[in-house]
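Residue-level listing of the chains:
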Amino acid sequence: MKLVIGLDGQSSGEKALEFATQLAANMETCELIVVYVIEWSPFSFQTAEENAQRHKRREEEISIATDRVLTPAVETLTKAGLSARAIVRHGDVADTIDAIAHKEGASQIIIARSSAGGFSKRIFGSSTANLVMNARVPVTVVV
Amino acid sequence: MSNIYRVFFTVAAFFAASLPAAAQEAVLTMDEKVNAAFSSATGWFVNGIFMSIPGTNFPWIVMWLVIGATVFTIYFAAVQFRFFGHAIALVKGDYSDPDDAGEVSHFQALATALSGTVGLGNIAGVAVAVGIGGPGATFWMILAGLLGMASKFTECTLGVKYRNEYPDGSVSGGPMYYIAKGFNELGLPGGKILAVMFSIFCILGALGGGNMFQANQAHAQITQITGDFPGWITGIIFATIVFAVIVGGIKSIAKVTEKIVPLMGILYVGAALIVLIVNYNLIGWAFGQIFAGAFTGLGVAGGMVGALIQGFKRAAFSNEAGVGSAAIAHSAVKTKEPITEGFVSLLEPLIDTVVVCTMTALVIVISQQLIIDPNTGNYVLNEAGTAIATVGDTSGVALTSAAFGSAISWFPYVLAIAVILFAFSTMISWSYYGLKAWTYLFGEGKTKELVFKIIFCIFIVIGAAASLGPVIDFSDAAIFAMAVVNIFCLYFLMKIVRRELVSYSARLKSGEIRKFTH
């Protein structure tokens, strides 16, 4: 059985991790895939200079996400005696988590309730809500 | 965030305090004497580039660009039509590997290159072309735009193929790299010298057409609304903002511009469509004028040839196909297949010339700003006999403005803002093209780059402050001198592109290259 845990680098992610740990502890075999999505769109506008530096920035973004969010999360899970690995990706948060879960054949996605609020949420909707509405596998939202 | 603003204000204050003196000095020293001296020193070069083909008033450089585009169209068997659908699919991301997400996408490279070319040429330049060459110029402009797609395809494929990738992950590309490396690969002599020549012209073109001309025209546009005031004030404001972006690294300004410019482009085309819809009963007539004018001239100065020259000239000057500038912008894309960026880039002249320029031309024709003799059906010439007489005696950007204003009364204000923003984004783009040529000549390094960036900002003030005819002529000539070197070299290098094209087409057909399911 595979579980995908979507983290957003906020403290609420801890709750999602805790919930997944409890869930996995009750199963015989369970692989946990911790996912961090760096919000990015191929249809944004950039200057020529930004484009030239893009590859470098991408590497930096990936290494920051790995060091600060994913590695500690995987360590926590491994310490708890679980099998865990990490994936970091650029893209739309909801679409990407769903795509990974689908590709990996995960049976469930676990995410924290979106902590972003206010103006941007009204305009764009939250990633959590988008994922719940569009995901192809069951989603658990941890509050 | 507060740190960013503190840096910005410090840089701005420092620059504002130090520049007026430089600006005044520039204005004072760049007096008529210097002007005349500069003119006599560079006149031969300008005249050489813009020289007419003997017996005609057709500048040979325009012919050079059109012949180049025709050769590439034939050599690659109309690649711009055969791979048009594939180009759209690439921009949509159908062939992008999800594992490469976060790298520069085809769309981003295209948008960046477009923001460097869509600008004053599409608004003011088209008005000049239609004002002199009549509606028929539009037909030839579209034809030249369609051919130019093949030039872009060739140069941008090479731009990606021969770019430099540095250990830190950043990239540098453009004609100077593909000329030097490509000639070396083919065992041809002189690659390095041609690359250096290209770089020198590119720096001059960046400071001139990509900078002074833009600053100058933006100031002219601002004074139309606010009334006359000294140009150096506009220059310093522009220079401060550009300085903040390219030296201060205030990315937010660039980001805002890069987001507003495409919006302005869409708004512009949208407004043009509204004018066309309002006058829908005249659309058939307007196309009739364009076709009739293309082959008869409808009474314009120079007749059919006059219309053809203006149309070809406008297309070449507007989409920069064959100049090599786009190859610098496109070379940052992340792709395993350099040729895919070539396919994407061929959309650029289509959007710039075939869509945006044609919209401007249609609006001018349909708004009936050009005066027609009701008896003959031909256009009436102005007193000097050089251009078509217009309602209100306007030309250039004022003609475009009047044409839009006749249907949407408030649009001239939006147009003025659009012109200023287009000028700004063109400056940012060319500062990068110039910088790449500069670092090719002098090497990469923070101090060396800073020197160029400061020179670039000083030239903004000079460009806005003075109407330096000879200097601007020289800079325009430099941009087209880039095309002389670039197209000459492309003739040698095009077989490399064909090899890529044959291999890619085969793999596309066999299904080896296929769409990713997202």
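### With respect to the overall build of chain B
Each helix and strand in chain B was counted, giving 21 helices and two strands. Taken against the 2.2 N^0.38 rule, which gives 24 Å for 518 residues, the C-alpha radius of gyration of chain B at 23 Å falls within 12% of a compact globule. If you line up chain B on its principal axes, its C-alpha atoms span 70 × 60 × 50 Å. Per-residue burial for chain B yields a buried fraction of 55% across its 518 residues. The contacts of chain B with a sequence gap of at least 6 include a subset with a gap of at least 24, amounting to 81%.

### Let's talk about the overall build of chain A
Scanning chain A for helices and strands turns up five helices and five strands. Listing each helix as α and each strand as β along chain A from the N terminus yields β-α-β-α-β-α-β-α-α-β. Counting only residues that meet the buried cut, chain A has 38% of its 143 residues in that class. Summarising the internal contacts of chain A: among those between residues at least 6 apart in sequence, 76% fall at separations of at least 24.

### Here's the deal with the nonpolar core
If you look at the biggest cluster of nonpolar residues, it comprises 177 residues, and the most contacted ones within it are Trp140(B), Ala144(B), Val242(B), Val419(B), Ile460(B) and Met482(B). The contact partners of Val419(B), leaving out residues within four places of it in the chain, are Leu120(B), Ile123(B), Ala218(B), Gln221(B) and Val397(B). In this structure, Val37(A), Leu77(A), Ala84(A) and Val93(A) belong to the second largest nonpolar core, which totals 32 residues.

### A look at the sheet that holds strand β4 (residues 108-112) of chain A
Residue and element names in this part refer to chain A. Across the sheet, five strands lie side by side as β3-β2-β1-β4-β5; this open sheet has parallel pairing. Of all strands in the sheet, those with a lone pairing partner are β3 (83-91) and β5 (139-142), marking the two edges. In this sheet, neighbouring strand axes are inclined to one another by 25° on average, regardless of whether the strands run parallel or antiparallel. Bridge analysis of β4 against β5 gives four bridges, and the strand direction is parallel. Looking across to β5, one finds that Ala112 is bridged to Val142. Strands in contact with helix α3 (residues 93-104) are β1 (2-7), β2 (31-39), β3 and β4; relative to β2, the strand with the most contacts, it is inclined by about 150°.

### Remarks on the packing of helix α8 (residues 136-161) of chain B against helix α13 (residues 283-296) of chain B
Residue and element names in this part refer to chain B. Between α8 and α13, the shortest axis-to-axis distance is 6 Å and the interhelical angle comes to 85°. Between α8 and α13, the interaxial angle falls into the category roughly perpendicular. Along the contact surface, α8 presents Gly136, Thr138, Phe139 and Trp140, while α13 presents Ile290, Phe291, Gly293 and Ala294. Among the residues making up the contact of α8 with α13, the classes are represented as five nonpolar, three polar and no charged.

### Here's the deal with the confidence of the model for chain B
Residue and element names in this part refer to chain B. Averaged over all residues, the pLDDT of chain B equals 85, while 91% of them reach at least 70. Of all the helices and strands in chain B, helix α1 (residues 2-29) carries the lowest mean pLDDT, 46, while helix α9 (residues 175-186) carries the highest, 96. Residue range residues 1-21 is modelled with pLDDT below 50. Its contacts to residues more than four positions away, or to other chains, number 18 contacts. Scoring of the predicted complex yields 0.86 for pTM and 0.85 for ipTM.

### Let's talk about the pairing of β3(A)
All names here are of chain A. Of the pairings in the sheet, the one linking β2 to β3 comprises nine bridges and is parallel in character. Note that in β3 the partner of Glu39 across the bridge is Gly91. Each parallel crossover has a hand, and for β2 linked through helix α2 (residues 48-79) to β3 it is right-handed.

### Considerations on helix α19 (residues 411-442) of chain B
Residues and elements named next belong to chain B. Compared with an ideal rise of 1.5 Å per residue, which puts 32 residues at 46 Å, α19 spans 46 Å between its outermost C-alpha atoms and is within 8% of the ideal. Judged by how many residues are buried, α19 sits mostly within the fold: 24 of 32 residues are covered. Just beyond α19, the residue with positive phi is Gly443, at close to 95°.

### What to know about the interface of chain A and chain B
If you look at the interface, chain A gives 22 residues, while chain B gives 28 residues. Counting residues per element, the ones that place at least two in the side of chain A that touches chain B are α2 and β3 of chain A. Tallying contributions element by element places α2(A) first for the side of chain A that touches chain B, with ten residues. Counted by class, the side of chain A that touches chain B contains eight nonpolar, eight polar and six charged residues.

### Description of the confidence of the model for chain A
With 90% of its residues at a pLDDT of 70 or more, chain A shows a mean pLDDT of 85. Helix α4 (residues 118-124) of chain A is the least confidently modelled element of chain A, averaging 57 in pLDDT, while β3(A) averages 92, the highest of any element.

### Side note on the packing of helix α11 (residues 231-246) of chain B against α19(B)
All names here are of chain B. Orientation of α11 relative to α19, taken along the N-to-C sense of each, is 50°, at an axis distance of 11 Å. Classed by the angle they form, the pair α11 and α19 counts as oblique. Relative to α19, the crossing made by α11 is right-handed. Contact with α11, carried on its side by Val242, Val245 and Ile246, involves Met427, Ile428 and Ser431 of α19 and no other residues of that element. Residue classes in the contact of α11 with α19 are distributed as five nonpolar, one polar and no charged.

Rules used throughout
Residues numbered from 1 in each chain as written. Chains lettered and ligands numbered in written order. Predicted model: local features only at pLDDT ≥ 70, side-chain atom pairs only at ≥ 80, totals over all residues. Helix = DSSP H or I, 4+ residues; strand = E, 2+ residues; numbered from the N terminus. Rg over C-alpha atoms; globule rule 2.2 N^0.38 Å. Buried ≥ 20, exposed ≤ 12 C-beta atoms within 10 Å, placed from the backbone. Contact = placed C-beta atoms within 7 Å. Core = buried A, V, L, I, M, F, W, Y, C linked by C-beta atoms within 7 Å. Pairing = 2+ DSSP bridges. Axes fitted to C-alpha atoms, helices over the stretch in contact; angles between N-to-C directions. Parallel < 35°, antiparallel > 145°, perpendicular 65-115°, else oblique. Nonpolar A, V, L, I, M, F, W, Y, C, P; charged D, E, K, R; others polar. pLDDT = per-residue confidence, 0-100. Right-handed = clockwise from strand over helix to strand, strands pointing away. Expected span 1.5 Å × (residues − 1). Left-handed = near helix turned anticlockwise from the far one by under 90°.

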